[in-house]
Amino acid sequence: MEAESSIASVEDQCDTHSRQQFRSGQGGKDISTSFKLPASARCISIIPEIRWKIFQLIHDAGDNHNAWHLGNKTLLALALTCKSFTGPALKLLWQDLSGLAPLIKCLPRSLWKQVEQKLEFQRVMTLDDWSIFCKYNHHVRSLRTDVYPLVGTEIWHALSCPPFSLPLLPNLMSLSWDRPGSEAFLCIRLFVCPKITKLDLYPYSFGPTEHSILSCISMLCPSVSHFDFSSVTKSAEDPSTALQGWSHLTSVTTTTVSEAGMLHLSKLPSLRFLQLELPSTPMSVVTQKFQHPVFCALQELNVECSSLVLLDAFFERFSIAPKAICLDIIGGVDSARALPASLSHLSNGCVHDSLECMELYIDDQPTDHITSIRTAVLRPLFAFRNLRKLDFRAYQNYTLRWDDAVLLQMAKSWPLLEVLHLNRYDHSSRGVTPSAFTSLLQHCPCLISVAIIVNWSTIDECGVSPDAPYRGFAHKTLSEAFFGSPRIRYPTRIAAFISAITPNLESIVTWDPQFGRGQQDSKKYTTRWKCVCDLIKAFSMVREQVRRMVLNAGEGVDGNGIAQPAHETENGDAATGEGDNGEGGEVSEEDSGSEGESEYMSDESSEEEE
């Protein structure tokens, strides 16, 4: 918080101003003089609700650091304006405290000193110092401890012995604790109180001492609804004991949870968000008796584990109905072989109508070979008809093998799809045909962002046709595309096709250097794709110019010089006639030329080159 020393003198300045008014005979005339102000100013001065609302808008406008800083300066100026503004302005200024430094700096300058990025006391705190501290501590509603300057050890010792009963901040509702060391974690007891509803704890280590303290916190703060916990170092201890002491949790982010802790969370009627790590051993069979009803209010589930076997055990035990699921498999071995069975367990364990967002990330241990995963492995997910986002990533050791028929099935199964990312930065010379890509767009009108590999050879080999492809079909919502690392020869032909079917495409990402797998000629193809992007932008501008010219003229001229009335097509473009290139515009599953789908992956020693 800026201008702490200025804030400390706000009330003194207001008191001095009041005394001066009284001596000059102006005491008691605030109301009469206020009527000389404009009506809007009188409303702010007289009606507390309006004043508080305006001050709140100033406080809440700080969505970034600069705006936050300006908002605090404005509130400080309001606090110094008049006594009726001082109380509400100070309350909002102190509401969210970034570290204890602002409170310390409001104390007399003779008490503290700053050495680099740390505050230290120079003498013993007196009762007068504590009385100043108490002017502001009751305003604080949230506290973060990960902000510089930090508070030194001597200050913590002094604050541990206040001349009043703990906590130091009696109205605290949100506490974010991020200080290294067990001794520092002991100081958290100075702030815990029954009013706390949001608790974020990030200790460096979590051993028996920290575990014992956290267990006590759950008893001292029974109203916690939001709990976020993580530890830098891995430990045999976990926060399960504390979790079992809270019955009003709505959001939980934590590390590994014991089986007892998992059962407690599954029974909570208000839990809407859950992020956790599954333990290294699968849950026991005993858990099955508690599977109904479970996680009845859960909306979002994020799970991290080291093996798909652990994930299978979870979905075998629990039947859930979240809107969003994120599964992160880290450090596994050959996860692709277990993927079909795991996705089947997922499909059986989730209510089909509820799931809208699915994210699956696989980051296995490195191997000396690349395994390709067929896109048909995703078929169990076709049951989720309301899916709006699918993000699948398996970069380490894996690449996707594409199939036109499977992509068409995806498009038909997920008509509400908005985001489809399949190995967003994958490098592969194999991809779906442009016809399959167009069919995806036709069946998913809401699609905004897509990441698939397209084999552009059929477009690259043919010149630009005077007729619009696919009977003039144009997908108006797609704005972002990730095409991997495709090799092309003629940027103009590719740009003309993409611009025709996706006229509002704003971003194309290809040949990402981080995921290029060290491919040769990457610079050459990167340059060609940059040319594609530039041409698409130019085509878009030309198309808009022609549309405006035709609409403004009110008529067009066909190839024979005959005037045709201007009209807008169903895609919103100006047209003077109908074009037909005779292309069917949709891929049939029988004609896709897909390979057999009895296997989902195969080992490949090298990628096909163009």
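Residues numbered from 1 in each chain as written. Predicted model: local features only at pLDDT ≥ 70, side-chain atom pairs only at ≥ 80, totals over all residues. Heavy atoms only, no water.

Caption draft 1: Focus on the overall build of the protein. Scanning the protein from N- to C-terminus turns up 21 helices and 25 strands. Of the roughly 29,200 Å² that the protein leaves accessible, carbon and sulfur atoms contribute 53%. (Helix = DSSP H or I, 4+ residues; strand = E, 2+ residues; numbered from the N terminus. Areas by Shrake-Rupley, 256 points an atom, 1.4 Å probe, with all protein chains shown as cover.)

Caption draft 2: How the structure looks around the pairing of strand E8 (residues 226–229). As defined by bridge partners, strand E7 (residues 198–201) adjoins E8 across four bridges and the pair is classed as parallel. Directly across from Lys 198, in E8, lies its bridge partner His 226. Traced from E7 through helix H12 (residues 208–220) to E8, the parallel crossover comes out right-handed. Looking at chain direction, E8 and strand E9 (residues 251–256) are connected through three bridges and run parallel. The residue bridging Asp 228 from the neighbouring strand is Thr 253, located in E9. (Pairing = 2+ DSSP bridges. Right-handed = clockwise from strand over helix to strand, strands pointing away.)

Caption draft 3: Seen up close, a nonpolar patch on the surface. A contiguous nonpolar patch, built from Ile 47, Ile 50 and Ile 54 and spanning about 190 Å² of accessible area, is present on the exposed surface. Tracing the sequence through the fold places Ile 50 in helix H5 (residues 48–60). Classification of Ile 50 as partly exposed rests on a relative accessible area of 35%. (Patch = residues over 30% accessible without salt bridge, like charges linked within 9 Å, V, L, I, M, F, W, Y side chains within 5 Å. Salt bridge = Lys/Arg side-chain N within 4 Å of Asp/Glu carboxyl O. Buried < 20%, exposed > 50% of the residue type's maximum accessible area, 1.4 Å probe, protein only.)

Caption draft 4: Representation of the confidence of the model for the protein in the model. Mean pLDDT over the protein: 82, with 79% of residues reaching 70 or higher. Mean pLDDT per element in the protein: helix H3 (residues 30–34) is the minimum at 44, and helix H18 (residues 434–443) is the maximum at 97. Under a pLDDT of 50 for its full length, residues 1–5 has, in the predicted model, 15 contacts with residues more than four places off or in other chains. Here residues 286–291 is a poorly scored stretch, pLDDT under 50, and it has nine contacts once near neighbours within four places are set aside; other chains count. (pLDDT = per-residue confidence, 0-100. Contact = heavy atoms within 4.5 Å.)

Caption draft 5: Inspection of the side chain of Asp 460 at higher detail. You can see Asp 460 is positioned in helix H19 (residues 457–460). Buried and unpaired, Asp 460 has Arg 489 as its nearest opposite-charge partner, separated by 4.9 Å. Among the polar contacts listed, one links the side chain of Asp 460 to the backbone nitrogen of Arg 489, at a separation of 2.5 Å. Not counting residues within four places of it along the chain, the set of residues in contact with Asp 460 comprises Ile 488, Arg 489, Tyr 490, Arg 493 and Ile 494. (Lys, Arg positive; Asp, Glu negative; His and termini not counted. Polar contact = N/O pair within 3.5 Å; in protein donor to acceptor, adjacent residues only side chain to side chain.)

Caption draft 6: Quick look at helix H16 (residues 335–349). In a regular helix each residue adds 1.5 Å, so 15 residues correspond to 21 Å; H16 covers 20 Å between its end C-alpha atoms and thus fits that length. The largest bend in H16 comes to about 30°, at Ala 341. (Expected span 1.5 Å × (residues − 1). Bend = angle between axes of the 7 residues up to and from the residue.)

Caption draft 7: Highlighting unusual backbone geometry. In this structure, Pro 167 follows Leu 166 across a cis peptide bond, with omega equal to 10°. Tracing the sequence through the fold places Pro 167 in the loop between helix H10 (153–159) and strand E6 (174–177). In this structure, Glu 116 is a non-glycine residue whose phi angle is positive, near 55°. Its place among the elements puts Glu 116 in the loop between strand E2 (112–115) and strand E3 (118–121). Although it is not a glycine, Asn 423 sits at a positive phi angle of roughly 50°. With respect to the helices, strands and loops of the structure, Asn 423 is situated in the loop between strand E17 (419–422) and H18.

Caption draft 8: Spatial organisation of helix H20 (residues 491–501). For H20, a buried count of eight out of 11 residues is recorded, marking the element as mostly surrounded by other parts of the structure. All of the buried residues along H20 are Pro 491, Ile 494, Ala 495, Ala 496, Phe 497, Ile 498, Ser 499 and Ile 501. In this structure, the buried side of H20 is in contact with H18, H19, strand E20 (507–509) and helix H21 (522–553).

Caption draft 9: Geometry of the packing of aromatic side chains. For the coordinates displayed, the defined rule picks out 23 aromatic pairs. Measuring from ring centre to ring centre gives 5.0 Å for Phe 227 and Trp 246, while their planes differ by 50°; the resulting arrangement is tilted. Within this pair, whereas Phe 227 is found in strand E8, its partner Trp 246 is found in the loop between helix H13 (240–243) and E9, the two being separated by 19 residues in sequence. Look at Tyr 470 and Phe 497: their rings are 6.2 Å apart centre to centre, the planes differ by 70°, and that puts the pair in the edge-to-face class. Note that Tyr 470 is positioned in the loop between H19 and strand E19 (480–482) and Phe 497 in helix H20, a separation of 27 residues in sequence. (Phe/Tyr/Trp six-rings, centres within 6.5 Å; stacked < 30°, edge-to-face > 60°.)

Caption draft 10: Here's a closer look at the pattern of salt bridges. Under the criterion given, the structure shown has 12 salt bridges. Of the charged contacts in the structure, one is a salt bridge between Asp 334 and Arg 337, with a shortest N-O distance of 2.8 Å. Accessibility expressed as a relative area gives 34% for Asp 334, which makes it partly exposed. Across the pair Asp 391 and Arg 393 runs a salt bridge whose closest N-O atoms are separated by 3.1 Å. Given a relative accessible area of 1%, Asp 391 falls into the buried group. One salt-bridge network, held together by shared partners, links Asp 391, Arg 393 and Arg 424.

Caption draft 11: View of the nonpolar core. Phe 191, Phe 295, Leu 420, Trp 456 and Ile 498 are the most contacted members of the largest nonpolar core, which totals 147 residues. Phe 295 has contacts with Met 262, Leu 265, Ser 266, Leu 271, Leu 274, Phe 314, Phe 318 and Ile 320, leaving out every residue within four places of it along the chain. (Core = buried A, V, L, I, M, F, W, Y, C linked by side-chain atoms within 4.5 Å.)

Caption draft 12: View of the sheet that holds strand E5 (residues 150–151). Taken together, three strands build an open sheet; the order of strands is E2-E3-E5 and the sheet is mixed. Two strands bound the open sheet, and with one partner strand each, they are E2 and E5. Sheet analysis places E3 next to E5, joined by two bridges and oriented parallel. Directly across from Leu 119, in E5, lies its bridge partner Val 151.

Caption draft 13: Representation of the pairing of strand E12 (residues 324–330) within the structure. Within E12, five of the seven residues are buried, which leaves it mostly tucked inside the rest of the structure. Relative to E12, strand E11 (residues 300–305) runs parallel, the two being bridged by six bridges. Looking at E12, one finds that Glu 304 is bridged to Asp 328. What joins E11 to E12 is helix H15 (residues 308–317), and the crossover it makes is right-handed. Two elements, E12 and strand E13 (residues 357–363), share seven bridges in a ladder whose sense is parallel. In the sheet register, Cys 326 faces E13, and the bridge partner there is Glu 359. Handedness of the crossover is the feature at issue here: the chain leaves E12, passes through H16, returns alongside E13, and the resulting connection is right-handed.

Caption draft 14: Representation of the environment of Pro 269. Residue placement: Pro 269 occurs in the loop between helix H14 (259–266) and strand E10 (273–277). For Pro 269 and Cys 296, which are 27 residues apart along the polypeptide, the C-alpha to C-alpha distance reads 6.3 Å. Every residue in contact with Pro 269, bar those within four places of it in the chain, is listed here: Cys 296 and Ala 297.

Caption draft 15: Here's a closer look at the packing of H15 against H16. Contact geometry of H15 with H16 gives a least axis separation of 9 Å together with a crossing angle of 15°. Regarding the angle of H15 to H16, the classification is roughly parallel. Handedness of the H15/H16 crossing: left-handed. Between H15, through Leu 308, Asp 312, Phe 315 and Glu 316, and H16, the contact on the second element is made entirely by Ser 335, Ala 338, Leu 339, Ser 342, His 345, Leu 346 and Gly 349. Of the residues belonging to the contact of H15 with H16, the class tally is five nonpolar, four polar and two charged. (Axes fitted to C-alpha atoms, helices over the stretch in contact; angles between N-to-C directions. Parallel < 35°, antiparallel > 145°, perpendicular 65-115°, else oblique. Left-handed = near helix turned anticlockwise from the far one by under 90°. Nonpolar A, V, L, I, M, F, W, Y, C, P; charged D, E, K, R; others polar.)

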